[in-house]
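Listed below are the residues making up each chain.
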Amino acid sequence: MTTDWKALESKYYMFLVRRQPVVIERGKGTRVWDVDGKEYLDFTSGWAVNNVGHANEAIADAIAKQARTLLQTSNQFYSIPQIQLAQILVENSALDKIFICNSGAEANEGAIKLAKKYGKKHKNGAFEIITALNSFHGRTMMTVAATGQPHYQEIFQPIPVGFTHVDYDDVDAIKAATTDRTVAVMLEPVQGEGGVNIPSAGYLKGVRAWCDEKGLLLIFDEVQTGLGRLGTLFGYQSFGVEPDIMTLAKGLGGGVPIGAFLAKDFACAFEPGDHGSTFGGNVLTCAAAYASTKYILDNDVPANAKAMGEYLQKGLNTLMSNHEFISEIRGMGLLWAVVFNSDMSPAVVAACNRAGLLLNPLRPNAVRLMPPLTVTREEIDEAMERLEAGLVEAAKGG
Ligand SMILES: Cc1ncc(COP(=O)(O)O)c(C=O)c1O
């Protein structure tokens, strides 16, 4: 008798997400297979996590080797994988020091605490942080408060104070919101969950100049854009603007749960005891993240993301010219949204599922595509055929 995993899930798991009706059992590269053996092209990548593809050999080897050597040591002791990961990330970024944690929300939580400590130490107790409307920074109470989407906040009121939300892509809005209490501006270089919103040329440079003028810290949340997603190792490199603090997670571990925040030396305001984590910088996750980061660098994965992103854009443009119900495509690297002129995203996602393509329902009227950064032209061609089939079926009301 086959196990009914969907029934067991609804019996035992908290109902927090409307899952797509696919029980994924295994993956390889850009493809995954469900429990019935059906194959899919995975253009969700575990929510922009599997940057180097599913079951990547380099990561699997690193995990297996580390699991047989040492799984956990507290941060009271030195740990080789932690130091190796710190070195590779610092040496390949514009930041000087790192703290490693376990998720994107935790990375942002740490970056916010660091900014507040900086304000206490160097800016007369300034503590407010300006973030953008439609941003997404995580699910802890502090990152819910940082997130510029009221529907994530309302049910949890009262939430932490100290965040001001302004329009994205508007430097003047940041200027107008800046007060003596402001210590930092926190932005995603490209907003992911908020709609795949690409800033206008000059926006991030303008924000950088304002932060320099006012002595504010510029924090980039690169949880989704980091590690190659936009076609450069870090998103900030695509815009020629360096942050003072940067957060990472998602693609950092190639599939294992890990996050990090990095800072320029001058912004490292923490002192011993100010912050910490039992599992942060764990040897297993650091070994996997080191293998993944090295793979990304050795194989110039960001260059593939850039080239394949341009190729995907062409495919999406062709689909848009064939279907008048597609109103817009927008994106960069391998992070794309397809926007419809009606709320047909659930029907498109379901039809694409049947056609063998996994997509993320971003909005009722938009889907998000974020394949592994190792995706090939042939796989994109195949994905476009499956997307076309799904679109046709969804448009017929299927
Ligand atoms: C930009 C950004 N920041 C933070 C987060 C939260 O990361 P996590 O789910 O690992 O806590 C996400 C997750 O989607 C994200 O996209």
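Our structure's up above, just so we're on the same page.
From a predicted model like this one, the values you see are computed outputs, not experimental measurements.

1. Here we look at the overall build of the protein chain
Across its full length, the protein chain holds 13 helices and 15 strands. Against the globule reference of 21 Å for 398 residues, the protein chain gives a C-alpha radius of gyration of 21 Å, in line with a compact fold. On the principal axes, the C-alpha backbone points of the protein chain span a range of 60 × 55 × 45 Å. Looking at the 398 residues of the protein chain, the share that counts as buried comes to 54%.

2. Considerations on the sheet that holds strand 10 (residues 259-263)
Spatially, the seven strands line up as an open sheet ordered 4-10-9-8-7-5-6, and their pairing is mixed. The outermost strands of the open sheet, each flanked by one partner alone, are strand 4 (97-101) and strand 6 (163-166). Each neighbouring strand pair of the sheet contributes to a mean axis angle of 20°, computed without reference to strand direction. Bridge count between strand 7 (residues 182-187) and strand 8 (residues 217-221): four bridges; the pairing is parallel. Across the sheet, the residue bridging to Leu-187 is Phe-220, located in strand 8. Relative to strand 4, helix 4 (residues 80-91) is tilted by about 130°, and along the sheet it contacts strand 4, strand 9 (245-248) and strand 10.

3. Details of the pattern of salt bridges
When the charged atoms of two side chains with opposite charge come close together, those side chains can pair. A complete count under the given rule lists 17 salt bridges for this structure. As a salt-bridge pair, Arg-31 and Glu-382 come within 2.8 Å of each other at their nearest N and O atoms. Remark: Glu-382 occurs in helix 13 (residues 377-395) and Arg-31 occurs in strand 2 (residues 31-34); sequence separation between them is 351 residues. With a relative accessible area of 19%, Arg-31 lands in the buried category. With relative accessibility at 23%, the residue Glu-382 sits in the partly exposed group. The partner of Glu-39 in a salt bridge is Arg-386, with the nearest N and O atoms 3.1 Å apart. Within this pair, whereas Glu-39 is found in strand 3 (residues 39-42), its partner Arg-386 is found in helix 13, the two being separated by 347 residues in sequence. Using a relative accessible area of 22% as the deciding quantity, one classes Glu-39 as partly exposed.

4. Remarks on the sheet that holds strand 3
A sheet is described by the order of its strands in space; here four strands give the open sequence 1-2-3-13, paired in mixed fashion. The open sheet has two free edges, formed respectively by strand 1 (24-28) and strand 13 (357-358), since each of these has just one partner strand. As defined by bridge partners, strand 2 adjoins strand 3 across three bridges and the pair is classed as antiparallel. Following the sheet pairing, Val-32 is matched in strand 3 by Tyr-40.

5. Some words on a nonpolar patch on the surface
On the surface, a cluster of nonpolar side chains totalling about 650 Å² of accessible area is made up of Tyr-13, Met-14, Leu-16, Val-17 and Trp-47. Take Met-14: it is sitting in the loop between helix 1 (5-12) and strand 1.

6. Some thoughts on the site of the ligand
As a matter of local geometry, the ligand sits amid Ser-103, Gly-104, Ala-105, Asn-108, Phe-136, His-137, Gly-138, Glu-188, Asp-221, Val-223, Gln-224 and Lys-250. One of the backbone N or O atoms of Ala-105 is found 2.8 Å from an oxygen atom in the ligand. Between the ligand and Gln-224, the relevant distance is 2.9 Å, taken from an oxygen atom to a side-chain nitrogen or oxygen of the residue. Summarising the interface, the protein chains cover 81% of the accessible area of the ligand, which totals 390 Å² for the free molecule. It is helix 5 (residues 104-122) that provides the largest number of residues to the shell around the ligand, a total of three residues. The residue inventory of the shell around the ligand, partitioned by class, reads three nonpolar, six polar and three charged.

7. Here we look at the pairing of strand 2
Where burial is concerned, the two faces of strand 2 agree: the one with Arg-31 and Trp-33 and the one with Val-32 and Asp-34 are both buried. Sheet topology note: the strand 1/strand 2 ladder contains four bridges and is antiparallel. Its bridge partner being in strand 2, Ile-24 is matched across the sheet by Asp-34. Connecting strand 2 to the next strand, strand 3, in antiparallel fashion are four residues, including Gly-37 with a positive phi near 85°.

The rules we used
- Residues numbered from 1 in each chain as written.
- Predicted model: local features only at pLDDT ≥ 70, side-chain atom pairs only at ≥ 80, totals over all residues.
- Heavy atoms only, no water.
- Helix = DSSP H or I, 4+ residues; strand = E, 2+ residues; numbered from the N terminus.
- Rg over C-alpha atoms; globule rule 2.2 N^0.38 Å.
- Buried < 20%, exposed > 50% of the residue type's maximum accessible area, 1.4 Å probe, protein only.
- Pairing = 2+ DSSP bridges.
- Axes fitted to C-alpha atoms, helices over the stretch in contact; angles between N-to-C directions.
- Contact = heavy atoms within 4.5 Å.
- Salt bridge = Lys/Arg side-chain N within 4 Å of Asp/Glu carboxyl O.
- Patch = residues over 30% accessible without salt bridge, like charges linked within 9 Å, V, L, I, M, F, W, Y side chains within 5 Å.
- Areas by Shrake-Rupley, 256 points an atom, 1.4 Å probe, with all protein chains shown as cover.
- Near = heavy atom within 4 Å.
- Polar contact = N/O pair within 3.5 Å; in protein donor to acceptor, adjacent residues only side chain to side chain.
- Nonpolar A, V, L, I, M, F, W, Y, C, P; charged D, E, K, R; others polar.

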